[in-house]
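Analysis of the macromolecular model
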Amino acid sequence: FELINHDVIKPIYLEVDKIWHLACPGSPIHYQLNPIKTAKTSFLGTHNMLGLARKNKARIFLASSSEIYGDPLMHPQPEDYKGNVNNIGIRSCYNEGKRIAETLCFDYKRIHGSEIRVARIFNTYGPRMLLDDGRVISNFIVQALRGNPIIIYGDGSQTRSFCYVKDLINGIYKFMNSDISGPLNLGSSIECTILELAKQITKKINPKLELLFKPLPDDDPKRRNPDIRRAKEILDWEPSVQLSDGIDYTISYFRNLLI
C-alpha cells in the first residue's frame, strides 16, 4: 500500500488497473466554501483521472451524486430522469460539477472506448464522518450529544433516503466488478422526513432537546428518493441495514469520538 497526497486538479502519472474516483467534498457546507475549486475538482479532476485510465487501459469508477437530479420533480428518481437543476445557484458548483463529470465519462467511453462505472450516490451516513461534516445525520447526532438544540432547516417536511455506509460500499464494489457502465443509482429507497429523523435521533439520545427551526437554504431539494430497481436487477443489491440500527452505530461512533 502506498499513500500519495495529491490534488487531482493536477495531472498524475501512475501504473494502475482500476481507479476509484471519489475526489470532491460532498457536504454543502464544505463544497460551498470554495465553489470554484469544487467545480474544478469535478471537471479537471475527472478529466485527469479519465486520462490516467486511458493511458493504463484501466477501469474507472466515478462517484457521481443524487445532486445531478437537483430539486427533482419526479419521485422516486430513475436513472433516465434528466433532473431539475439551477445552474447558477449556490449548489450548482457541485450539481453541475457532477453533471459535467458524467458527461466526460460517457464521452471518453464513446470516443476512446474507456471502461467507466458511473454511480449516482444518494445520502450516505455512518461511522468515520467528521464532527463538522455538515450533513443532517451527523449534525443531529453531534448536536444531541452535546446537549444543544437540534437545528432543522425549513419545516422539516423535506425528505431524504439514508443508506448506511457498509451497504453503499458493498454496492460500489459489486458495480465496479460488473459489466455495466451506468449511470446507476445507489442508495436507500426508504424516504424519511427531516423532522422524523430529528425525533428518532433525539429519542435515542435525549428526548427533551429543543427543536430549533431555521430558514431553508436556497435550492435545497424538497424530496430525494432513488429508484434502485436497476441495481436490484443487475447487481442483486439493495441496502440491508435498517435506519434505526445504522443510527445506533453512528451514535456510538460519535459518542466515543466526543469522549
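If you're wondering where the values come from, they're calculated on a predicted model, not measured in any experiment.

Below, the discussion takes up the sheet that holds strand 1 (residues 18–21). Reading across from one edge, 1-2-3-8 is the order of the 4 strands in this open sheet, with parallel pairing throughout. Two strands close off the open sheet at either side, each with one partner strand: strand 1 and strand 8 (184–186). Each strand of the sheet is rotated relative to its neighbour by a mean of 25°, with strand direction disregarded. In this sheet, strand 3 (residues 116–121) lies alongside strand 2 (residues 59–65) in parallel orientation, the contact comprising 6 bridges. The residue bridging F61 from the neighbouring strand is R117, located in strand 3. On top of the sheet, helix 3 (residues 92–112) reaches strand 2 and strand 3; it is set at about 155° to strand 2, its chief contact.

This brings us to the pattern of salt bridges. According to the stated counting rule, one finds 17 salt bridges in the structure shown. Here K204 makes a salt bridge to D248, at a shortest N to O gap of 2.9 Å. Of the two residues, K204 sits in helix 6 (residues 194–205) while D248 sits in helix 8 (residues 243–258), which places them 44 residues apart along the sequence. In this structure K204 comes out as partly exposed when scored by relative accessible area, which is 30%. On the basis of relative accessibility, which here comes to 35%, the residue D248 falls in the partly exposed class. Taken together, the salt bridges that share partners define one network made up of E67, R91, R160, D220 and R224.

Another aspect to go through is the packing of aromatic side chains. In total, this model carries 9 aromatic pairs according to the counting rule given. Considering the side-chain rings of Y125 and Y164, the 5.6 Å spacing of their centres and the 65° angle between planes classify their relative orientation as edge-to-face. Here Y125, found in strand 4 (residues 124–125), pairs with Y164, found in strand 7 (residues 163–164); they are 39 residues apart in sequence, far enough to count as distant. A relative accessible area of 3% means that Y125 is categorised as buried. Residue classification places Y164 among the buried positions, given a relative accessible area of 9%. Between Y253 and F254, the aromatic rings sit 5.1 Å apart at their centres with planes inclined by 70°, giving edge-to-face as the arrangement. For F254, a relative accessible area of 0% puts it in the buried group. Three or more aromatic residues link up through ring pairs in this structure, and these residues are Y125, F162, Y164 and Y249.

Rules used in this analysis
Residues numbered from 1 in each chain as written. Predicted model: local features only at pLDDT ≥ 70, side-chain atom pairs only at ≥ 80, totals over all residues. Heavy atoms only, no water. Pairing = 2+ DSSP bridges. Helix = DSSP H or I, 4+ residues; strand = E, 2+ residues; numbered from the N terminus. Axes fitted to C-alpha atoms, helices over the stretch in contact; angles between N-to-C directions. Contact = heavy atoms within 4.5 Å. Salt bridge = Lys/Arg side-chain N within 4 Å of Asp/Glu carboxyl O. Buried < 20%, exposed > 50% of the residue type's maximum accessible area, 1.4 Å probe, protein only. Phe/Tyr/Trp six-rings, centres within 6.5 Å; stacked < 30°, edge-to-face > 60°.

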